[in-house]
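Structure assessment
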Amino acid sequence: MNIFDFTFNPYGLISLFAVVTNGILLYLLVSQGLKVLANRWFSITVLFLIVWSVSETLVRFSANPAAANFWYILGMPGWMFVSPFFLSFVMSYINKESFFSKLSSLIIIFIPGFIFLFLGWHTKLLVDPSLSLTRLTFWGWDIYKEPLFNVFMLWLDSLFVMSMWLLFDYWRKAKDPINKRRTLLIGLGVCFPIVIGSFTNGFLPAMHFEILPAAVPLTTIMSGTVTYAILKYKLFVISPSTAATNIVETMDDILVVFNPRYYIEFVNKAVEKILGYKEEELMGQPVQKIVTSDWALFEKKTVKPLYEGKEVNNVELNFQNKEGKTIPVSFSSSLLRDEKGEIFGLVGVATDMRKVRDLLMSITAERNKVTTMMNSIADGIIALDRETKVIMINPAALSMLHLKESEVLGKQLNTCLMFYQDEEKISAKELLPTKKLESDKIVVQKKGIRVVNQKGVEVYLDLTSSAIKEGEQVGLGAIISLTDVSKEKQLEEMKIDFVSMAAHELRTPLTAVRGYLSVLQEEVVDELSSEQKSFLDKAFISSSQLASLVENLLSVSRIERGAVKLQVEPSDWTKITTDVVKNFQPLAREKNIKLELSVPKKLPTVSVDPFRISEVLSNLIANALAYTKSGGTVNVKSETVKNELVTHVEDTGQGIPESALPRLFTKFFRVSGVLEQGSKGTGLGLYISKAIVDMHKGRIWVKSIIGKGSTFSFSLPLEG
Ligand code: ADP
């Protein structure tokens with residue numbers, strides 16, 4: 001009998017293909033490293049598949065039945081152990097590694113394999129290799145299988161089904177998509193050879209069907225997909241001990257384990273980076289070698305408390321590196337005990353504090369810089385926390401507010417300072433942002449705030465409150481910067497006083513001048529030449545203009561001093577407008593301008609100061625007549641819009657250039673250029689009008705198209 005008697009069989013090539021493919025896959029798997037248990041189990045599975053496919057190849061190439069039987073029997077372990085190995089792989093893949101620690105479970109899945117192998121090798125109960133029974137089929141030699149072979153197939157398939165079930169269960173529970181996909185891939189890859197292979201190699205031949213046994217080539221699909229899943233997703237569950245070893249080796253901190261006699265049993269790689277020693281240089285050496293000068297402290301602060309049952313966390317210590325330089329570290333440690341509770345060592349983690357120390361230094365430097373800056377700038381700075389407590393105040397702010405640091409620091413802002421805008425109190429809470437900030441921003445900005453300190457001293461300030469995004473985390477509510485404007489305020493007041501005084505002084509002589517001029521106009525007019533008469537008229541007009549300027553100046557100074565008090569009463573708006581318009585009819589007729597009034601018959605009563613509000617209406621109508629040419633129209637209209645009474649003074653005059661609109665209501669502003677020609681105004685009328693409307697809590701605005709006309713409008717709030 002020559003077992004090496006081979007002949008060519010094309011079907012042998014299929015098996016050879018499986019040998020080669022599985023061989024390549026095994027190489028790929030092993031080259032990934034076999035640290036992960038699941039990886040190892042699967043590699044063994046593939047190794048056994050190779051044994052099986054090699055044996056099948058040799059059977060098919062055998063030239064005589066004896067050789068075929070020999071290779072068949074020799075290769076038996078190949079197919080007998082594939083399923084228990086595969087199950088082992090699945091167990092570790094789904095994180096059930098603990099399964100293998102029990103001998104009983106290993107026996108359960110492997111022992112039947114050994115029994116079948118024994119039966120296969122030593123008895124004819126499983127297969128009968130008698131030469132007379134070995135048949136030559138179209139694909140090669142077929143060794144005769146006994147009925148027990150079906151029992152073997154049942155066992156093999158049940159292990160595979162179990163594996164499949166475990167995989168399916170794991171797939172169902174897996175949360176992350178990669179894990180899910182990989183599990184599915186493995187499951188599908190395994191499905192093929194099991195289902196089809198069981199038929200072609202087991203059940204169909206048992207029913208005397210002649211079919212090509214396809215299990216071996218099909219296993220390449222299985223090992224191919226699983227290997228792909230391993231390589232592609234690299235996500236084989238790492239065992240905790242592998243993970244721990246990796247962490248210890250890659251961590252930046254020194255991990256040192258020493259025994260109760262202070263000899264180092266283990267130290268990780270980080271020691272080289274931090275202290276300059278190689279691991280081998282320290283293993284077996286006393287710990288003193290790295291602690292040296294701080295030894296007493298080390299014992300006192302870390303070892304002793306541990307033996308006393310206390311925790312040792314982040315103790316600041318100095319280690320010494322190989323060159324003898326001091327390295328500051330933060331040290332945490334704990335005791336190692338065996339199962340009986342006996343202490344057999346200490347484990348410690350030391351974090352290099354050099355970086356932290358440098359960081360701390362630079363933070364301190366930065367803080368000092370900021371403090372110096374705060375102390376030297378002229379603007380006042382106050383920092384508040386989230387509860388408006390003062391957490392910082394600079395000297396400029398203290399001197400501005402006539403306070404001592406001890407009187408404000410740590411106190412609620414409103415207990416030491418009161419802020420007023422006009423007469424309204426501003427509470428400190430208004431200076432804080434109301435919601436979480438996305439970026440740094442200014443919360444409030446107010447000009448000319450009156451601030452009264454707890455001793456009653458009053459100052460005027462411009463105030464800007466800003467907040468930073470990180471405020472909440474660092475307990476900072478707002479940073480308030482203050483500029484003292486008391487001097488400007490004083491100056492402004494002096495100016496107003498001066499204007500008011502000058503206007504007052506001018507008023508009396510001016511009234512006299514106008515009085516005498518009008519007497520002259522009436523009484524001596526017949527004795528004058530027409531030229532003299534025109535002089536007299538001009539003098540009267542100029543004095544009237546002067547008088548109106550003086551009146552306007554007085555109004556302005558009164559407004560600015562806050563001396564204008566409204567005498568509000570429920571009034572009939574139709575009557576007010578009718579009266580004012582009636583007053584202007586003679587002037588309108590003189591200028592040949594149509595002055596119309598369209599006010600609805602029934603208007604709700606408004607609460608206004610009739611005298612002041614008539615002044616506004618007069619101003620607007622006077623302007624409309626002044627800046628409209630002969631032949632034009634001025635229309636006064638009122639309407640109720642929501643909760644407001646809105647009045648429009650519409651003209652068909654020259655209009656106002658757009659660039660002038662934003663400044664129209666400011667003091668002394670007049671549109672310059674050609675437009676100015678028509679009238680000689682003071683530029684105060686609209687300013688005063690706006691002030692009066694504001695006092696009524698209304699709004700005033702204008703729409704104008706140059707060359708077409710302007711519409712001045714103001715609103716007054718209606719009750720309810
Ligand atoms: P003035 O005493 O100059 O009229 P105002 O404050 O009443 O002062 O008006 C400011 C300026 O606004 C005027 O000088 C004028 O140029 C412009 N203005 C006011 N009303 C009108 C209007 N109805 N049509 C065109 N321009 C106007």
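Coordinates for the structure precede this section.
As a starting point, this report considers the structure included with it. (Residues numbered from 1 in each chain as written. Predicted model: local features only at pLDDT ≥ 70, side-chain atom pairs only at ≥ 80, totals over all residues. Heavy atoms only, no water.)

**Observations regarding the site of the ligand**
- Neighbouring the ligand are 18 residues, the closest being Asn 623, Asp 651, Arg 670, Thr 682 and Leu 686.
- In this structure, Asn 623 approaches the ligand through a side-chain N or O atom, which is 2.7 Å from an oxygen atom.
- Between an oxygen atom of the ligand and a main-chain N or O atom of Val 671, the distance comes to 3.3 Å.
- Considering the ligand on its own, with 520 Å² of exposed area, one finds that the protein chains cover 96% of that surface.
- Among the elements of the structure, helix H23 (610-626), helix H24 (685-695) and strand E23 (709-717) are those that each provide at least two residues to the shell around the ligand.
- For the shell around the ligand, a count of residues per class yields 9 nonpolar, 7 polar and 2 charged. (Near = heavy atom within 4 Å. Polar contact = N/O pair within 3.5 Å; in protein donor to acceptor, adjacent residues only side chain to side chain. Areas by Shrake-Rupley, 256 points an atom, 1.4 Å probe, with all protein chains shown as cover. Helix = DSSP H or I, 4+ residues; strand = E, 2+ residues; numbered from the N terminus. Nonpolar A, V, L, I, M, F, W, Y, C, P; charged D, E, K, R; others polar.)

**As for the pairing of strand E11 (residues 390-393)**
- One ladder, built from 3 bridges, connects strand E10 (residues 380-384) with E11; its direction is antiparallel. Its bridge partner being in E11, Ile 382 is matched across the sheet by Ile 393. (Pairing = 2+ DSSP bridges.)

**What about the pairing of strand E20 (residues 633-641)?**
- Summarising the sheet, strand E18 (residues 594-598) and E20 pair through 5 bridges and their orientation is parallel. By the bridge assignment, Ser 598 is partnered in E20 with Lys 637.
- Here E20 runs beside strand E21 (residues 644-651); their pairing, made up of 8 bridges, is antiparallel. In the sheet register, Thr 640 faces E21, and the bridge partner there is Leu 645.
- Between E20 and E21, which pair antiparallel in sequence order, lie 2 residues; one of them, Lys 642, sits at a positive phi of approximately 50°.

**As for the environment of Glu 590**
- Looking at the secondary structure, you find Glu 590 in helix H22 (residues 573-590).
- Among the residues examined, Glu 590 registers a relative accessible area of 67% and is labelled exposed. (Buried < 20%, exposed > 50% of the residue type's maximum accessible area, 1.4 Å probe, protein only.)

**As for the packing of aromatic side chains**
- Taken as a whole, this structure holds 35 aromatic pairs when the rule is applied.
- Plain terms: the ring middles of Phe 48 and Phe 81 are 6.1 Å apart, the flat faces sit at 75° to each other, and that makes the pair edge-to-face. Of this pair, Phe 48 sits in helix H2 (residues 37-61) while Phe 81 sits in the loop between helix H4 (76-80) and helix H5 (82-93), and the two are 33 residues apart along the sequence.
- Ring pairs connect the aromatic residues Trp 41, Phe 48, Phe 81, Phe 85, Phe 110 and Phe 114, which therefore count as one cluster.
- Against the face of Phe 149 rests Lys 145, its NZ or CZ located 5.6 Å from the ring centre.
- The lysine or arginine in question, Lys 180, covers the ring of Trp 171, its NZ or CZ lying 5.1 Å from the ring centre. (Phe/Tyr/Trp six-rings, centres within 6.5 Å; stacked < 30°, edge-to-face > 60°. Lys NZ or Arg CZ within 6 Å of the ring centre and 35° of its normal.)

**Details of the sheet that holds E20**
- One open sheet accounts for 5 strands, arranged E18-E20-E21-E23-E22; its pairing is mixed. Two strands close off the open sheet at either side, each with one partner strand: E18 and strand E22 (699-705). If you compare each strand with its neighbour and ignore which way they point, the axes differ by 15° on average.
- By the bridge criterion, 7 bridges tie E22 to E23 in an arrangement that is antiparallel. Along E23, the bridge assignment pairs Ile 705 with Gly 709.
- Sheet strands touched by H24: E22 and E23. Its angle to E22, the strand with the most contacts, is close to 140°. (Axes fitted to C-alpha atoms, helices over the stretch in contact; angles between N-to-C directions. Contact = heavy atoms within 4.5 Å.)

**Description of the sheet that holds strand E16 (residues 478-484)**
- The 7 strands are arranged E11-E10-E16-E15-E14-E12-E13 in an open sheet whose pairing can be described as antiparallel. Either end of the sheet is taken by a strand with one partner, and the two such strands are E11 and strand E13 (424-426). Averaged over all pairs of adjacent strands, the angle between their axes in this sheet comes to 35°, without regard to strand direction.
- The pairing of strand E12 (residues 417-421) with strand E14 (residues 441-453) spans 4 bridges and is antiparallel. Of the residues in E14, the one forming a bridge with Tyr 420 is Arg 450.

**Quick look at a nonpolar patch on the surface**
- Taken together, the side chains of Phe 8, Leu 13, Leu 16, Val 20, Ile 24, Tyr 27 and Leu 28 define a hydrophobic patch exposed on the protein surface, amounting to about 690 Å² of accessible area.
- For Leu 13, the location among the structural elements is in helix H1 (residues 10-31).
- Take Leu 13: its relative accessible area is 42%, and that puts it in the partly exposed class. (Patch = residues over 30% accessible without salt bridge, like charges linked within 9 Å, V, L, I, M, F, W, Y side chains within 5 Å. Salt bridge = Lys/Arg side-chain N within 4 Å of Asp/Glu carboxyl O.)

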